[in-house]
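Each chain is listed here by its residues.
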Amino acid sequence: MSQEEFRNILVVVAHPDDAELSAGGSIARWTREGATVRTVVCTNGDKGTKEDISPFDLARIREAEQLEASRILGVKETIFLRHRDGELEDTRAFRNQIAFLIRHFRPDTILTHDPWRTYYQHPDHQAIGHATFKAVVYARDHHFLPELTYAGIGAHHTKNLLYLNTREPNFFVDITETFDVKVRAVCAHKCQIKNPEAFEKRTRQRLEDAGRAAGFPVAESFVITRMREG
Ligand SMILES: [Zn+2]
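None of these values were measured; they are calculated from a predicted model.

**Q** Pulling in residues and values, what's your account of the overall build of the chain?
**A** When helices and strands are counted, the chain shows 7 helices and 7 strands. Taken along its principal axes, the extent of the C-alpha atoms in the chain is 50 × 45 × 35 Å. Every one of the 230 residues in the chain was classed for burial, and the buried ones make up 53%. Long-range pairs, those at least 24 residues apart, make up 82% of the contacts in the chain with a sequence separation of at least 6. Accessible area of the chain: about 11300 Å², with a carbon and sulfur share of 51%. Taking the 32 positively charged and 33 negatively charged side chains of the chain as two groups, their mean positions are separated by 2 Å.

Structure follows, in structure tokens:
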């Protein structure tokens, strides 16, 4: 079953590796089916280590690893917003930044973090989930950003929002054919994945469990919100 409704996809995530960890198999599948996928990485990931490395060097390494991961998945473009890791807030300025990207790239589908995930999640994930959800509305209603509208960057309606890494999924993507590509893309983040074999084993188990709920051998899971126009 191909997923024709996902043709122009924007993935908005906090850190280098989030897109691959949460949706790498789905992204690889959609690009194989001809979809255009762009990944927006909002922070520079400069706190993602326990090793003795400067945050500046770490940010540089993680960007290079992200570009390689995107290449493996067939992502058309990777956009680095380079906010500082762990310090994102759901501000009006940040929402505007995401809304501009939505109006510019005009996606039918956006993937982002689930901001309502209970009990534990990274604060950047929460901030981005909230900001992106609001940015979808800012992008859609032209009086939110009149300066963009008058500059010719018109309002845009996004049809589907898919939330990542959610506890109560209602949408599953069969990634049996692209599970290996996902693993390669995640493992391109060499500074994060120190033991690729253990990662693959653990991930296969988890995604087989997810697939069981939907009747697929291996699946990634999401919450989907379909938004009607008007
Ligand atoms: Zn993250």
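Now, onward.
**Q** How would you explain the packing of aromatic side chains if you had to name every residue and give the values?
**A** Under the counting rule described, the total for this entry stands at 6 aromatic pairs. Pairing Trp30 with Phe222 gives two aromatic rings, centres 6.5 Å apart and planes at 35°, and the pair type is tilted. In this pair, Trp30 is assigned in helix H1 (residues 18-32) and Phe222 in strand S7 (residues 219-226), connecting sequence segments 192 residues apart. Of the residues examined, Trp30 reaches a relative accessible area of 1% and is grouped as buried. Taking the centre distance of 4.5 Å and the plane angle of 20° together, the rings of Tyr138 and Phe144 count as stacked. A relative accessible area of 7% means that Tyr138 is categorised as buried. Members of the aromatic cluster, connected to one another through ring pairs, are Phe6, Trp30, Phe171 and Phe222.

**Q** Explain the pairing of strand S2 (residues 36-43) to me, and be specific about the residues and the numbers.
**A** Burial runs high along S2: 7 of the 8 residues are buried. Here 6 bridges tie strand S1 (residues 8-13) to S2, and the two strands are oriented parallel to one another. Counterpart to Val13 in the pairing with S2 is Val41. Since S1 and S2 lie parallel, the crossover through H1 that links them has a hand, and here it is right-handed. At this point the chain moves from S2, through helix H2 (residues 55-73), to the parallel strand S3 (residues 77-83), and the crossover so formed is right-handed.

**Q** An account of the side chain of Asp46 is needed here, citing residue identities and associated values.
**A** Among the structural elements, Asp46 can be located in the loop between S2 and H2. The contacts of Asp46, once residues within four sequence positions are left out, are Pro55, Leu58, Ala59 and Asp85.

**Q** Outline the pattern of salt bridges, supporting the account with residue identities and numerical values.
**A** The tally for this structure, following the rule as stated, stands at 17 salt bridges. A salt bridge links Arg140 to Asp141, with the shortest nitrogen-to-oxygen separation between them at 2.9 Å. On the basis of relative accessibility, which here comes to 28%, the residue Asp141 falls in the partly exposed class. Overlapping salt bridges, with partners in common, bring together Asp46, Lys47, Arg84 and Glu87 in one network.

**Q** Describe the coordination of the zinc ion, listing the residues and the values that go with them.
**A** Taken together, His15 (ND1), Asp18 (OD), Asp18 (OD) and His125 (NE2) make up the protein donors of the zinc ion, found 2.1 to 2.4 Å from the metal. Each of the 4 donor atoms around the zinc ion contributes to a set of angles spanning 56 to 132°, which defines the coordination as irregular. Each donor residue of the zinc ion belongs to the same chain, with the gaps between them written as H-x2-D-x106-H.

**Q** Can you explain the layout of surface pockets? Please cite residues and give values.
**A** One number sums up the size of the largest pocket: a volume of about 790 Å³. Asp18, Leu21, Ser22, His125 and Asn165 are the residues nearest the centre of the largest pocket, which is lined by 30 residues in total. Of all the secondary structure elements, the ones that give two or more residues to the lining of the largest pocket are H1, helix H7 (196-212) and S7. If one sorts the elements of the lining of the largest pocket by residue count, H7 sits on top with 6 residues. Broken down by class, the residue content of the lining of the largest pocket amounts to 7 nonpolar, 12 polar and 11 charged.

So, how was this worked out
Residues numbered from 1 in each chain as written. Predicted model: local features only at pLDDT ≥ 70, side-chain atom pairs only at ≥ 80, totals over all residues. Heavy atoms only, no water. Helix = DSSP H or I, 4+ residues; strand = E, 2+ residues; numbered from the N terminus. Buried < 20%, exposed > 50% of the residue type's maximum accessible area, 1.4 Å probe, protein only. Contact = heavy atoms within 4.5 Å. Areas by Shrake-Rupley, 256 points an atom, 1.4 Å probe, with all protein chains shown as cover. Lys, Arg positive; Asp, Glu negative; His and termini not counted. Charge placed at Lys NZ, Arg CZ, Asp CG, Glu CD. Phe/Tyr/Trp six-rings, centres within 6.5 Å; stacked < 30°, edge-to-face > 60°. Pairing = 2+ DSSP bridges. Right-handed = clockwise from strand over helix to strand, strands pointing away. Salt bridge = Lys/Arg side-chain N within 4 Å of Asp/Glu carboxyl O. Donors = N, O, S within 2.8 Å, 3.2 Å for Na, K, Ca; no water. Tetrahedral: all angles 85-135°; square planar, octahedral: opposite > 155°, others 65-115°. 1 Å grid on protein atoms, 1.4 Å probe; cavity = no way out; pocket = protein on both sides within 12 Å on 5 of 7 lines; lining within 4 Å. Points joined across faces, edges and corners; volume = space filled by probe spheres on them. Nonpolar A, V, L, I, M, F, W, Y, C, P; charged D, E, K, R; others polar.

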